[in-house]
Amino acid sequence: MASKKISSKIIIYILLIAGVVLSIAPFYWMIVGSTLPSGEIFRVPPRLLPGDYLAKNFQTLNESLGIAKIFWNSLFIALVYTLISTLISAMAGYAFAKFKFKGKNFFFFIILCTLMIPSQVTLIPLFEMMVTFNWLNTYQAIILPTLASPFAIYLMRQNMKAIPDSIMEASRIDGAGELKIFFTVILPVTRPAMAAVAIFLFMSQWNSLLWPLITLNSKEMFTLPVALSSLIGMARIDYGQLMLGTTLSTIPIMIFFLLLQKHFISGILGGSVKE
Amino acid sequence: MAQTEKVVNAKTNFRVKTRKSLLTPKNVPYFFIGPAFLLILIFTVYPVISSFILSFQEVRGVEKIFVGFSNYSRLFQDPIFYKSLLNTFQILIVQVPIMLFLSLLIAVGLHSSMLKGKAFFRISYFMPAITALVAASIVFMILLDENFGLVNYFLSFLGVDSIPWLTTPFWAKVSVILVMTWRWAGYNMVIFLAGLQNIPSDLYEAASIDGASKVKQFFMITIPQLKPVFIFTVVLSTIGTLQLFDEPFILTGGGPNNATMTITVYLYETGFRFFDFGYASAIAYVLVIITAIISWVQMKLVGDE
């Protein structure tokens, strides 16, 4: 009986480790590939160890894309977006969770509706709007349309409902203004929820392809996903630089993830899983 | 000390402050939802209405002409549109169950036995969920290369002939499903794992005392208790798959022979390669209707609870 238990445990371990290998191997291959020349990536038998072509790949990648600028574009857009969007959704979530006001149900109904509608339906009018504003190839074209995230608002509302009204009442009696209450009392209490929302927003912006693909057509404004997809469209694909570009778009997130795993997991899952 | 001083100060200023302040508890909620609501109005509500109108129009140069239902009737005769619908649903019906089954299996494996290194497994399985879909698709595009890809290389040791992953219609669909499953299985696994941890352990204890086997316990306790989590993951995956874009766009560009053309890829091609805005809006509205119907059905199912 005991030996049966141990052997079944070993089988579970082996299967789980096989699964881990399948999950991780593509990352390993991506990193190895970024150190190999294009031809070496497609060699039979394959080279499974890193080569010495990293610097050369970086050089070609930089020549074809200007990778530093593209990295900056992605980072700047994602950071600004995350900061403003987190604040906006915290504000709106607070109003919905903690105040009674005329039209509240109507406003909330609109937000729930936009949560259900696939965003694809807005693409064409938004594109027309960007053309009218002359905003193609600008940061604001990427940042503004999704800045108010119904999902983030909903999450913040759920979280702020748990805050007792007495905290606000006490501050009001102390004479604190409404803004002061929000920034110095409410926000500090909801920090974990804000962190989860911020990670969720950052990831969705950093990885976003479709909308930036539509609005950005000049190389120096590309974000990483758009730049990578443009490399595939080229007549002769240089796989070494492609793998390096992919690695560069993945590594920063990976480091963040390993540092802040718990926040990260609940953030990416949109706060749906409580740790 | 400083705290009490502040309080006293605030109290003496109470009257002046409330008079001066423009924001009162009565009007401040409008200030708080203002930015979000304005943005949603401009960048979501207006476009949703505008594209509804556009779907009954044809754009000729700068002019927009009302054409009634002709965009929609054209859709019903468009073989590529049918193909994209069919592909999307084929991928949905095959991929979602396989992936959720795998996710559940891993979650149960991690949960059941008192394994060491649970955290390590959890992180490793979750790792694919942090990559950009573009990045994942690119790496798999290279891994799945017919002649030189690593996947075929390793399969050759098992005696499998090289598979034309990205170049034949059937295998291209399989490739898309493969990438989606790699990317999302760990994500759903974590959701299942959280669900498993929330099942009260006394349920199992009671069942053990009654002599129920582990397998019986799994089907009589675990599965029913997980039902809400199940519905949640099914809804999420279904909505995500209906909007599938990045993977087929990068991996195969919708080909070969439109085998991986999805609704959103077709919408993109129509709207932004051929700039046929009216027709693309009609496609978008069909997607809205399908999503609404499926959400409604799934909500009905949850409502039965």
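Residues numbered from 1 in each chain as written. Chains lettered and ligands numbered in written order. Predicted model: local features only at pLDDT ≥ 70, side-chain atom pairs only at ≥ 80, totals over all residues.

Some thoughts on unusual backbone geometry
Residue and element names in this part refer to chain B.
Here is step 1: Of the consecutive residues Gly255 and Pro256, the connecting peptide bond is found in the cis state with omega at -10 degrees.
Here is step 2: Assignment of secondary structure puts Pro256 in the loop between α13 (246–251) and α14 (263–272).
Here is step 3: Of note, Asn257 is a non-glycine position whose phi angle comes to about 55 degrees, a positive value.
Here is step 4: Along the polypeptide, Asn257 turns up in the loop between α13 and α14.
Here is step 5: For Asn258, which is not glycine, the phi dihedral falls at a positive 60 degrees.
Here is step 6: By the element assignment, Asn258 lies in the loop between α13 and α14. (Helix = DSSP H or I, 4+ residues; strand = E, 2+ residues; numbered from the N terminus.)

As for helix α9 (residues 169–197) of chain B
Here is step 1: Taking 1.5 Å of rise per residue, the 29 residues of α9(B) would be expected to cover 42 Å, and the 41 Å separating its terminal C-alpha atoms lies within 8% of that figure.
Here is step 2: Of all the bends in α9(B), the greatest, near 35 degrees, is centred on B:Trp184. (Expected span 1.5 Å × (residues − 1). Bend = angle between axes of the 7 residues up to and from the residue.)

Some words on the confidence of the model for chain A
Close inspection of predicted coordinates is inappropriate for parts of the model with low pLDDT.
Here is step 1: Chain-level statistics for chain A give a pLDDT mean of 89 and a share of 97% at 70 or above.
Here is step 2: The least confident element of chain A is helix α15 (residues 261–268) of chain A, whose mean pLDDT is 75; the most confident is helix α7 (residues 139–143) of chain A, at 96. (pLDDT = per-residue confidence, 0-100.)

Remarks on the pairing of strand β1 (residues 57–60) of chain B
Residues and elements named next belong to chain B.
Here is step 1: Sheet analysis places β1 next to strand β2 (residues 63–66), joined by 4 bridges and oriented antiparallel. Bridged to Val59 within β2 is Lys64.
Here is step 2: Between the end of β1 and the start of β2, which pair antiparallel, lie 2 residues, with Gly61 showing a positive phi angle near 65 degrees. (Pairing = 2+ DSSP bridges.)

Description of the nonpolar core
Here is step 1: Counting residues in each nonpolar core, the largest one holds 153 residues, and the members touching the most others are A:Ala92, A:Val197, A:Ile268, B:Ala36, B:Ile138, B:Phe140 and B:Ile283.
Here is step 2: For this core, the leading source of residues is α9(B), giving 15 residues.
Here is step 3: If sequence neighbours within four positions are ignored, B:Ala36 has contacts with A:Ile88, A:Ser89, A:Met91, A:Ala92, A:Ala148 and A:Ile153. (Core = buried A, V, L, I, M, F, W, Y, C linked by C-beta atoms within 7 Å. Buried ≥ 20, exposed ≤ 12 C-beta atoms within 10 Å, placed from the backbone. Contact = placed C-beta atoms within 7 Å.)

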